[in-house]
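Here's the letter readout for the chains.
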Protein chains: 2
Amino acid sequence: MTGTLFGLGIGPGDPELITLKAHRILTRVSVIAFPAPERGPSLARRIVAPHLNGTQREIAIRMPLEAGRFPAPEIYDNAAREIAAVLDAGTDVAALCEGDPFLYGSFAYLFARLSTTHRVEVVPGVSSLTAAAARAGRPLALKNEVLTVVPAPLPDEAIAARLQGRDAAVILKLGRHVGRVRALLGQLGRAADARYVEHATMASEQIAGLDEAPDPAPYFSLILVPARP
Amino acid sequence: MTGTLFGLGIGPGDPELITLKAHRILTRVSVIAFPAPERGPSLARRIVAPHLNGTQREIAIRMPLEAGRFPAPEIYDNAAREIAAVLDAGTDVAALCEGDPFLYGSFAYLFARLSTTHRVEVVPGVSSLTAAAARAGRPLALKNEVLTVVPAPLPDEAIAARLQGRDAAVILKLGRHVGRVRALLGQLGRAADARYVEHATMASEQIAGLDEAPDPAPYFSLILVPARP
């Protein structure tokens, strides 16, 4: 019997915003895997640290974690190989995913490599989008409003095209793009009601108007743009 | 000391997909409030039923719960008044919200009425969007893809405008609009890769290609449209 790979959504940062299901799986598996920067500690591991018992084998998947840079396919190839060996030995693995595994998460690349050959179960999690909205006291979308999620590294024209109408929007992955996006929102007349949210639900959380957003902003930051009335 | 109103995201349907935080609050408050149809049982209450101890006072907020119909403001006015009286007596209230409170949830209307006069805390939850993606094995968005969330009751032109490009999309609140939306996706060349998901993570879950989607579909159903390569 081969093991199961769980793609565990661990939520936006507050360790209490993990689901009962992810918590149950996390505390029962004997191997966890998680994305980690090329050097230094993993944010995903830090989020679940209060729930770990210290006996689990840990597979850190080292990769570049900056806005606009994507890890080389070989990084996922190697991680998938290492995880497959554990599964083939009959052991379950929980891959930790900040927020939700299938919303801009790197788990999709492990899923693509392993789901045809192994049992893989995806456990959805609370995303940073709804966590930011909750913390800022700003509903994301109501009634029949359209909500568009736009990565900030896209070109100006691509961002503007999604913000020209009345749709609500969340602009993600700000990083060094925060000044550009702020200027663009100003030109489109959508800056006044927008809110900047960084590290929603973490101890380092910041919520501010666009004027006070740091430049550059961290990778885990976003701008909430309400629908135009 | 007045009480706190908690807007509790209770997740998409599986009772185990509630967060540890929502579970803690749910099991400690003495009053819960939840949306319920004009007649019959509440889905939100059913989702959390395994976690209730049977001693809590329950406030059912009766309202029309069909795609395209929105409750009259008086329904929220009355519910807010009833909840405010409990809070003013120093008792906390947990308002149950399917999925996430601020993503197309009716909690936004209680929040608008009570957050300026009372302590209100919003606890984000797992949304049906990411739950459907997890269950269908379909990532919602990768890298710098744009993701657009479109309510099906919108006119054809409004839906088509968001689906003409390459963006990934989720089409929500299908109800009696499923045939219309299916035809539209066909015309736009986006039907083949789309997946229909109903009641994600519930016992009644259905996942199918667009051809097999029921017509009409339930309110809690959606179509996942992947980004065009």
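Here the structure is a predicted model, which means the values were calculated and not measured.

(A) Region of the structure containing the sheet that holds strand S3 (residues 57-62) of chain B. Residues and elements named next belong to chain B. Spatially, five strands are ordered S3-S2-S4-S1-S5 in an open sheet, and the strand pairing comes out parallel. The two strands at the open ends of the sheet, each matched to only one other strand, are S3 and strand S5 (119-123). Looking at each pair of strands side by side, their axes are set apart by 20° on average, direction ignored. Pairing analysis gives three bridges linking strand S2 (residues 31-36) to strand S4 (residues 93-97), with the strands arranged parallel. Following the sheet pairing, Ala33 is matched in S4 by Ala95. Against the sheet, helix H4 (residues 107-114) engages strand S1 (4-9), S3, S4 and S5, with an angle of about 155° to S5.

(B) Quick peek at the interface of chain A and chain B. Chain A puts 49 residues into the contact, and the matching count from chain B is 49 residues. In total, about 4,200 Å² of surface goes out of reach between chain A and chain B, with carbon and sulfur atoms giving 65% of it. Of all residues in chain A, the largest losses of buried area upon contact with chain B belong to Leu20, Lys143 and Asn144 of chain A, amounting jointly to 16% of the total for that side. Run the count over chain A and chain B and you get four salt bridges. Between Arg24 of chain A and Glu16 of chain B there is a salt bridge; the shortest N-O distance is 2.5 Å. Summed over the shared surface of chain A and chain B, the number is 22 residue pairs in polar contact (both at pLDDT 80 or more). Going through the elements one at a time, helix H1 (20-28), helix H4 (107-114), strand S5 (119-123), helix H5 (128-136) and strand S6 (147-151) of chain A are the ones with two or more residues in the side of chain A that touches chain B. Broken down by element, the residue count for the side of chain A that touches chain B peaks at five residues, all from S6 of chain A. Note that S6 of chain A and strand S6 (residues 147-151) of chain B share three bridges and pair antiparallel. Bridging from a neighbouring strand, Thr148 of chain A pairs with Thr148 of chain B of S6 of chain B.

(C) View of the domain arrangement of chain A. Residues and elements named next belong to chain A. Split into domains, chain A comes out as domain 1 (4-123) and domain 2 (128-225). Centre-to-centre, using C-alpha coordinates, domain 1 lies 27 Å away from domain 2. Carbon and sulfur atoms make up 71% of the area that domain 1 and domain 2 hide from each other, which totals about 1,000 Å². At the boundary of domain 1 and domain 2, one finds one residue pair in polar contact (both at pLDDT 80 or more). In the side of domain 1 that touches domain 2, the residues fall into seven nonpolar, two polar and four charged.

(D) Representation of the sheet that holds strand S7 (residues 168-172) of chain A within the structure. If you trace the 10 strands from one edge of the open sheet to the other, you get S9(A)-S8(A)-S10(A)-S7(A)-S6(A)-S6(B)-S7(B)-S10(B)-S8(B)-S9(B), paired in mixed fashion. Unpaired on one side and paired on the other, strand S9 (206-209) of chain A together with strand S9 (206-209) of chain B mark the two borders of the sheet. Along the sheet, successive strands turn relative to each other by an average axial angle of 15°, direction set aside. Contacts from helix H6 (residues 156-163) of chain B reach S6 and strand S7 (168-172) of chain B within the one sheet, and its direction differs from that of S6 of chain B by about 170°.

(E) Quick peek at the packing of aromatic side chains. Taken as a whole and judged by the stated rule, the model has 10 aromatic pairs over all chains. Relative to Phe111 of chain B, the ring of Phe102 of chain B lies with its centre 5.1 Å away and its plane at 90°, an arrangement referred to as edge-to-face. Taking the relative accessible area as the measure of exposure, Phe102 of chain B reaches 0% and is therefore buried. Classification of Phe111 of chain B as buried rests on a relative accessible area of 13%. Looking at Lys143 of chain A, its charged tip hangs above the ring of Phe70 of chain B, at a distance of 5.4 Å from the centre.

So, how was this worked out
Residues numbered from 1 in each chain as written. Chains lettered and ligands numbered in written order. Predicted model: local features only at pLDDT ≥ 70, side-chain atom pairs only at ≥ 80, totals over all residues. Heavy atoms only, no water. Pairing = 2+ DSSP bridges. Helix = DSSP H or I, 4+ residues; strand = E, 2+ residues; numbered from the N terminus. Axes fitted to C-alpha atoms, helices over the stretch in contact; angles between N-to-C directions. Contact = heavy atoms within 4.5 Å. Buried area = accessible area lost by both parts, 1.4 Å probe. Salt bridge = Lys/Arg side-chain N within 4 Å of Asp/Glu carboxyl O. Polar contact = N/O pair within 3.5 Å; in protein donor to acceptor, adjacent residues only side chain to side chain. Domains from an automatic or database assignment. Nonpolar A, V, L, I, M, F, W, Y, C, P; charged D, E, K, R; others polar. Phe/Tyr/Trp six-rings, centres within 6.5 Å; stacked < 30°, edge-to-face > 60°. Buried < 20%, exposed > 50% of the residue type's maximum accessible area, 1.4 Å probe, protein only. Lys NZ or Arg CZ within 6 Å of the ring centre and 35° of its normal.

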